[in-house]
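Chain by chain, the residues:
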Amino acid sequence: MNYILTLSKSLALNAYKQINFLIAGARGSGKTYGALILIAELASFPRLNKNQLLGTGQLPTQIYCVDFKNSDIARLAEFLPAGRVATNKNEAIKVVEEYDRKMHQRLDFIKTQKFGSTAGTLGMPMYYLWVDEWSATNASFNQGNTKADKDLRYKWSSLITDISMLNRVPGFGLGIISQQISVIGSGLSTSVQEEAGIKLHYGDANMSSYRLTFGNDIQIPEMRLETGEAYAWIEGLTSSGYVIPLAMPEIEPDRLWKCLKTALSNQDDDKYLFMTTKQ
Ligand SMILES: Nc1ncnc2c1ncn2[C@@H]1O[C@H](COP(=O)(O)OP(=O)(O)OP(=O)(O)O)[C@@H](O)[C@H]1O
Ligand SMILES: [Mg+2]
């Protein structure tokens with residue numbers, strides 16, 4: 001109940017279980033907008049009424065962002081504590097180092113609790129790191145050959161790998177948004193791909209581009225998707241068979257911004273890291 005995320009009227013999932021998101025789609029297909037809707041839901045957990053975008057906010061997911069395009073996601077800096085949003089390489093390393101450090105602090109804390117405890121069983125708020133325009137971000141880290149460039153490159157890839165491998169128990173999610181999310185060509189490591197619990201592909205595309213996202217073993221219906229509509233692959237639900245078509249709620253920008261402001265009113269660097277609501 002605590003971590004239920006609604007992707008569309010008929011599709012809900014447990015963000016704690018399907019923790020890592022990969023979001024693909026062409027320019028203007030609704031990836032970023034969709035992510036902002038998810039952020040509003042996450043940051044106001046738990047959502048007692050799934051027909052309402054915002055929940056009660058007692059378990060507010062703490063949000064961290066990397067957005068080199070400095071677009072809609074980066075504007076969340078307005079509502080977030082300092083140091084949560086990065087728009088260039090140096091900032092990105094700082095933000096992600098902090099995220100990784102907090103993840104390890106929480107892991108250490110969980111080890112002091114009853115055997116078998118997780119952030120989920122302890123009822124702890126989740127954390128999410130969103131990276132918009134993943135391919136461009138990664139390409140930017142791959143540029144340059146000075147010692148400093150190499151240093152940043154190494155840090156970036158080891159931090160992301162560390163998070164993707166250890167993040168389930170502490171409830172530290174990764175949301176990766178990119179026009180292309182296949183392993184080849186997107187700079188996405190296989191560990192990140194394999195740890196993805198949800199893959200979404202937004203908007204109209206040709207079959208080969210859906211195939212790059214979902215692989216060859218999954219059936220894709222012949223439909224034409226509009227902006228804000230997506231196909232979903234969800235771990236456990238669509239491991240074989242068909243991807244699930246979904247439509248994000250239609251929300252006009254002013255209303256979404258107001259919802260985000262309310263949803264992000266419970267962001268705090270210290271308060272939530274060790275907070276438990278269950279034994
Ligand atoms: N669920 C929605 N409700 C209302 N409007 C939407 C929705 N999804 C997308 N839109 C509209 O479509 C526009 C483009 O969406 P968005 O910026 O999310 O695309 P994108 O896939 O991130 O594109 P880019 O690759 O250029 O970053 C938005 O600015 C918004 O006007
Ligand atoms: Mg975008």
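Residues numbered from 1 in each chain as written. Chains lettered and ligands numbered in written order. Predicted model: local features only at pLDDT ≥ 70, side-chain atom pairs only at ≥ 80, totals over all residues. Heavy atoms only, no water.

(A) Seen up close, the site of ligand 1. In the region of ligand 1, 16 residues are neighbours, and Arg-27, Gly-28, Thr-32, Tyr-33 and Lys-69 sit closest. Between Pro-249 and ligand 1, the recorded distance is 2.9 Å, taken from a backbone N or O atom to a nitrogen atom. With the chains in place, 75% of the 630 Å² that ligand 1 exposes on its own is no longer accessible. Looking at side-chain class alone, the shell around ligand 1 contains five nonpolar, six polar and five charged residues. (Near = heavy atom within 4 Å. Polar contact = N/O pair within 3.5 Å; in protein donor to acceptor, adjacent residues only side chain to side chain. Areas by Shrake-Rupley, 256 points an atom, 1.4 Å probe, with all protein chains shown as cover. Nonpolar A, V, L, I, M, F, W, Y, C, P; charged D, E, K, R; others polar.)

(B) Up close: the side chain of Asn-14. Along the chain, Asn-14 falls in strand β2 (residues 11–14). Only 2.9 Å separates the side chain of Asn-14 from the backbone nitrogen of Tyr-16, close enough to count as a polar contact. Not counting the four nearest positions on each side in its chain, Asn-14 is found in contact with Tyr-3 and Ile-4. (Helix = DSSP H or I, 4+ residues; strand = E, 2+ residues; numbered from the N terminus. Contact = heavy atoms within 4.5 Å.)

(C) How the structure looks around the nonpolar core. Core analysis: the largest hydrophobic core is formed by 52 residues, its most contacted members being Phe-21 and Trp-130. Here this core gets eight residues from one element, more than from any other, and that element is helix α1 (residues 31–43). In contact with Trp-130, not counting residues within four places along its chain, are Phe-21, Ile-23, Ala-35, Leu-38, Ile-39, Leu-42, Ile-63, Tyr-64, Cys-65, Val-66, Gly-175 and Ile-177. Membership of the second largest hydrophobic core comes to 30 residues, among which are Leu-22, Tyr-99, Met-103 and Ile-160. (Core = buried A, V, L, I, M, F, W, Y, C linked by side-chain atoms within 4.5 Å. Buried < 20%, exposed > 50% of the residue type's maximum accessible area, 1.4 Å probe, protein only.)

(D) How the structure looks around the packing of aromatic side chains. Under the definition given, this model contains 15 aromatic pairs. Ring geometry for Tyr-210 against Tyr-231: centres 5.0 Å apart, planes inclined by 70°, an arrangement best described as edge-to-face. Placement of Tyr-210 in helix α7 (residues 207–214) and of Tyr-231 in strand β9 (residues 229–234) is noted, with a sequence separation of 21 residues between them. Each member of the pair, Tyr-210 as well as Tyr-231, is classed as buried. (Phe/Tyr/Trp six-rings, centres within 6.5 Å; stacked < 30°, edge-to-face > 60°.)

(E) Structural context of the pattern of salt bridges. Going through the model one piece at a time under the given rule, you end up with twelve salt bridges. Here Glu-195 ties to Arg-168 by a salt bridge, and the two come within 3.5 Å at their closest N and O atoms. Of this pair, Glu-195 sits in the loop between α6 (190–194) and β8 (198–202) while Arg-168 sits in the loop between α4 (147–166) and β7 (172–177), placing them 27 residues apart in sequence. What makes Glu-195 partly exposed here is its relative accessible area of 24%. (Salt bridge = Lys/Arg side-chain N within 4 Å of Asp/Glu carboxyl O.)

This is a description of form; function is not addressed.
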